[in-house]
Amino acid sequence: MDSVQKHIFIIGSGAIGKALAVFLKLAGRKVTVIRGRVKDACTTTRRIGIEIQNGVTLEANVKITTLDSLPMIDGIVVLSNKSFGNEQLARALKGRTGNSPIVLLQNGLGIEQSFLDHGYPQLYRCVLFVTSQLINQSNIRFKPVDICPIGIERGNKADLERVVNHLNTPNFRFRSELHLQHIIWKKAIINCVFNSICPLLEIDNGIFHRSQDALKIARRIIVECINIATEKGIAIRQDEVETGLLQISQLSEGQAISTLQDIRNKRRTEIETLNHEIVRIAEQMHQQDSVRETRLLGELIKLKSELTQNIIDTEVIGKL
Ligand SMILES: NC(=O)C1=CN([C@@H]2O[C@H](COP(=O)(O)OP(=O)(O)OC[C@H]3O[C@@H](n4cnc5c(N)ncnc54)[C@H](OP(=O)(O)O)[C@@H]3O)[C@@H](O)[C@H]2O)C=CC1
Ligand SMILES: CC(C)(CO)C(=O)C(=O)O
């Protein structure tokens, strides 16, 4: 790592943000977690435990604060908030982060756009290959699947390497990747499968390596999404997506996908940047008829999420 240690600010005190904070603290880095939605200038220190395997839990004290208490932020800014908060955060952070690198640790397609539009000088994007699940506010179950690549949206190779060195730890591993687009699409397609099918079946991530029938449905979504990627000039093979899907399924057996965690907790999901974004891109290319199943699964997730949040008028259901 660099001789000058940069402070790492993690925005979003959820399953990913807290796990990353603990691993960084244990590796001796300077870390502060910043709440994504809360603005009460309240600062606390919380002991957080991360279960990395049966019976093995790593713990650290993590400082948690809110944006109001930090007029200026100088260091590495990692975003592990839900991506639908990006536009608001890009506005809130404007003029406060100087030349600090911003690193997006989020799922989805097009999630970097707000930070690009607002002219942030250094922007890096990570594709996450880990699963992290909140057991309660202070305890998390974490399972790594692979090393997480970080690539450049705006910035240079030397700064990217510095960012990677600061964030990399033995339990949550990062590497630099200069050709990230292909991986972003591959992971987004995998998410279109996991984040729709698992919540609809209310089942853990292991389903695709346990059930051939679930895998067959997954293949239909993969084929649809690959066609759209190909039209966009991203060459992805069916077998590489399927291998990635099965690897995640096997290594995160028992874990609930983030969208299932969201629905269970009556929270908004990120399906807009997954199935719905693929459909939106397909529409732009007049290919909407080729993504019917991806669309249907996305619509079912949206409806399921709205029903659990009671956004849909339950009085109507009462009158039936
Ligand atoms: N959990 C997992 O296994 C994986 C997650 N990911 C991705 O990582 C990212 C973080 O996921 P995860 O940690 O699971 O999510 P959580 O829901 O556990 O935490 C996300 C945090 O985002 C903040 N947040 C929510 N809504 C908003 C908003 N509108 N504006 C600003 N901040 C907001 C909240 O912070 P606060 O409570 O501080 O206000 C919340 O704690 C997501 O993009 C997800 O898709 C990717 C792979 C695996
Ligand atoms: C597919 C998976 C589990 C991989 O990290 C994921 O992205 C999620 O939980 O949202």
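Cut-off values and rules
Residues numbered from 1 in each chain as written. Chains lettered and ligands numbered in written order. Predicted model: local features only at pLDDT ≥ 70, side-chain atom pairs only at ≥ 80, totals over all residues. Heavy atoms only, no water. Helix = DSSP H or I, 4+ residues; strand = E, 2+ residues; numbered from the N terminus. Rg over C-alpha atoms; globule rule 2.2 N^0.38 Å. Buried < 20%, exposed > 50% of the residue type's maximum accessible area, 1.4 Å probe, protein only. Contact = heavy atoms within 4.5 Å. Lys, Arg positive; Asp, Glu negative; His and termini not counted. Charge placed at Lys NZ, Arg CZ, Asp CG, Glu CD. Axes fitted to C-alpha atoms, helices over the stretch in contact; angles between N-to-C directions. Parallel < 35°, antiparallel > 145°, perpendicular 65-115°, else oblique. Nonpolar A, V, L, I, M, F, W, Y, C, P; charged D, E, K, R; others polar. Near = heavy atom within 4 Å. Polar contact = N/O pair within 3.5 Å; in protein donor to acceptor, adjacent residues only side chain to side chain. Areas by Shrake-Rupley, 256 points an atom, 1.4 Å probe, with all protein chains shown as cover.

1. Brief notes about the overall build of the chain
Scanning the chain from terminus to terminus reveals 12 helices and 11 strands. Taken against the 2.2 N^0.38 rule, which gives 20 Å for 320 residues, the C-alpha radius of gyration of the chain at 19 Å falls within 12% of a compact globule. With respect to the three principal axes, the spread of C-alpha positions in the chain is 55 × 45 × 40 Å. Buried residues in the chain amount to 51% of all 320 residues. Residue pairs in contact within the chain that sit at least 24 positions apart in sequence constitute 69% of those at least 6 positions apart. In the chain, 41 positive and 34 negative side-chain charges are present, and the distance between their average locations comes to 6 Å.

2. Considering the packing of helix α7 (residues 212–231) against helix α11 (residues 292–308)
It is at 8 Å that the axes of α7 and α11 come closest, and there the two elements cross at 115°. Overall, the two elements α7 and α11 adopt an arrangement that is roughly perpendicular. Across the interface between the two elements, R220, I221, E224 and C225 from α7 touch R292, E293, T294 and L297 from α11. For the contact of α7 with α11, the per-class residue count stands at three nonpolar, one polar and four charged.

3. Looking at the site of ligand 1
Lining the immediate environment of ligand 1, one finds 24 residues, of which S13, I16, R35, S132 and E270 sit closest. Contact distances for ligand 1 include 2.8 Å between an oxygen atom and a side-chain N or O atom of R35. Summarising the interface, the protein chains cover 92% of the accessible area of ligand 1, which totals 880 Å² for the free molecule. Those elements that provide at least two residues to the shell around ligand 1 are α1 (15–26) and β8 (130–136). With three residues, β8 is the largest single contributor of residues to the shell around ligand 1.

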